[in-house]
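Take a look at the letters that make up each chain.
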Amino acid sequence: MNHRNPLKNAGINVSFEFFPPKSEKMEETLWRSIERLAPLSPSFVSVTYGAGGSTRERTHYTIERILTETSLKPAAHLTCVDASREEVDAVVRQYWQTGVRHFVALRGDSQTGVGGTYQARPDGYRNAVELVAGLKAFADFEISVSAYPEKHPESPDFATDIDLLKRKVDNGATRAITQFFFDNDVYERYVERVRRAGIYIPIVPGIVPIHDFTKVARFSAACGATIPAWLAERFQGLEDDEQTRSHVAAAVCAEQVLDLVDRGIGDFHFYTMNRADLVYSICHILGLRSGAEQAGESDAASVAA
Ligand code: FAD
């Protein structure tokens, strides 16, 4: 048996994505999760922007709390759909004043629903390419953008999709975070295509731990991510068995990230769904430890020596 030890794999970096909470109870859950995950020293934590900019204030508030109450580096997701340039620029200005220096720049989907026909506003940024340029014109922000290993559902082909990614990079994006996927071969083939197109920024895999298989399957259908048959089979018959579901989810996710580590990947972006449990376990398996645990480990090592 191959007992992989990613601890020996120098250079594992993780980032965590959260969404802005809707209620006080959800806010408590989010902050419990942030407190649990923060000691793992993520490179950054990002906060999403609801469809059509619908969570503008809540995203801003969450980012502001992260900046003032933690030492984490936040990245604010920002979309340009359904907004004029002036409106988007005003949001950027406000973030700048708050101290935000990293954006996840996206076109976004209309509030009328993911997968509908996209209509750019004549007075707005037409897509993420233009938004990235607008951000860079404002300040030298760090800019992450989206990437789609199975191509964006609206895209006619991979060439169009990758050309758009190239234009985002040409305008100043320095990292792409992928839509989630479950087949690592699909990711690897995509990265090869991207490199062949002359794009050399990190293409960080977006990893989704499956807290709720039915929800993930529904969302996958909408965003063009494939659920392999073997994955559906793993969760089959577990609808009323939460404990087993959670063990299976941890195993599936660990298997995926460890296989990516074997393929030389060191950076991972976790879609946390504001929950810490599964992500914490996976990070532990990846060899990440909180500062306190690391200190304990080196004490133990010196005792052993
Ligand atoms: P873009 O990169 O601008 O374009 C998406 C695709 O549309 C392109 O790949 C291309 O195929 C096609 N396209 C666009 N313009 C043209 C053109 N001129 N000619 C031909 N084809 C074109 N959504 C939210 O609402 N809030 C979030 O916080 C959020 N966070 C996300 C984070 C990540 C990591 C990812 C992967 C997605 C996220 N999304 C979010 C979803 C995203 O907004 C949707 O997938 C949206 O449909 C596309 O946004 P984009 O920035 O990827 O678009």
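Residues numbered from 1 in each chain as written. Predicted model: local features only at pLDDT ≥ 70, side-chain atom pairs only at ≥ 80, totals over all residues. Heavy atoms only, no water.

Colleague: Describe the site of the ligand, with residues and values.
Modeller: The environment of the ligand is formed by 22 residues, the closest being Tyr49, Asp109, Ser146, Tyr148 and Asp161. Note that an oxygen atom of the ligand is positioned 2.6 Å from one of the side-chain N or O atoms of Asp109. For the ligand, whose unbound accessible area comes to 960 Å², protein coverage reaches 83%. Elements with a minimum of two residues in the shell around the ligand: β3 (74-79) and α5 (158-170). Take the shell around the ligand: its biggest share by element is four residues, from α5. Classifying every residue of the shell around the ligand by side-chain character gives eight nonpolar, 10 polar and four charged. (Near = heavy atom within 4 Å. Polar contact = N/O pair within 3.5 Å; in protein donor to acceptor, adjacent residues only side chain to side chain. Areas by Shrake-Rupley, 256 points an atom, 1.4 Å probe, with all protein chains shown as cover. Helix = DSSP H or I, 4+ residues; strand = E, 2+ residues; numbered from the N terminus. Nonpolar A, V, L, I, M, F, W, Y, C, P; charged D, E, K, R; others polar.)

Colleague: Outline unusual backbone geometry, listing residues and values.
Modeller: Although it is not a glycine, Ser41 adopts a positive phi angle of roughly 55 degrees. Position of Ser41 relative to the elements: it lies in the loop between α1 (24-37) and β2 (44-47). On the accessibility criterion, Ser41 (58% relative accessible area) is exposed. (Buried < 20%, exposed > 50% of the residue type's maximum accessible area, 1.4 Å probe, protein only.)

Colleague: So, the nonpolar core: which residues are in play, and what are the values?
Modeller: Ranked by internal contacts, the top residues of the largest apolar core, which has 63 residues, are Phe16, Phe268 and Phe270. No other element matches helix α9 (residues 242-262), which puts five residues into this core. Excluding residues within four positions of it along the chain, Phe16 makes contact with Leu37, Leu40, Pro42, Phe44, Val45, Ser46, His269, Phe270, Thr272, Val279 and Cys283. Among the nonpolar cores identified, the runner-up in size contains 22 residues, and Val208, Ala225, Phe235 and Leu238 belong to it. (Core = buried A, V, L, I, M, F, W, Y, C linked by side-chain atoms within 4.5 Å. Contact = heavy atoms within 4.5 Å.)

Colleague: Quick one: what's the story with the pattern of salt bridges, residue by residue and with numbers?
Modeller: Scanning all chains against the criterion turns up 16 salt bridges. Arg167 is the partner of Asp163 in a salt bridge, and the nearest nitrogen-oxygen pair spans 3.7 Å. With Asp163 and Arg167 both in helix α5 and four residues apart, the pair spans about one turn of that helix. A relative accessible area of 40% places Asp163 in the partly exposed class. Arg263 is paired through a salt bridge with Glu188; the nearest N and O atoms lie 2.6 Å apart. Highlighted residues: Arg263 in the loop between α9 and β9 (267-271) and Glu188 in helix α6 (residues 184-196), separated in sequence by 75 residues. Overlapping salt bridges, with partners in common, bring together Asp185, Glu188, Asp259 and Arg263 in one network. (Salt bridge = Lys/Arg side-chain N within 4 Å of Asp/Glu carboxyl O.)

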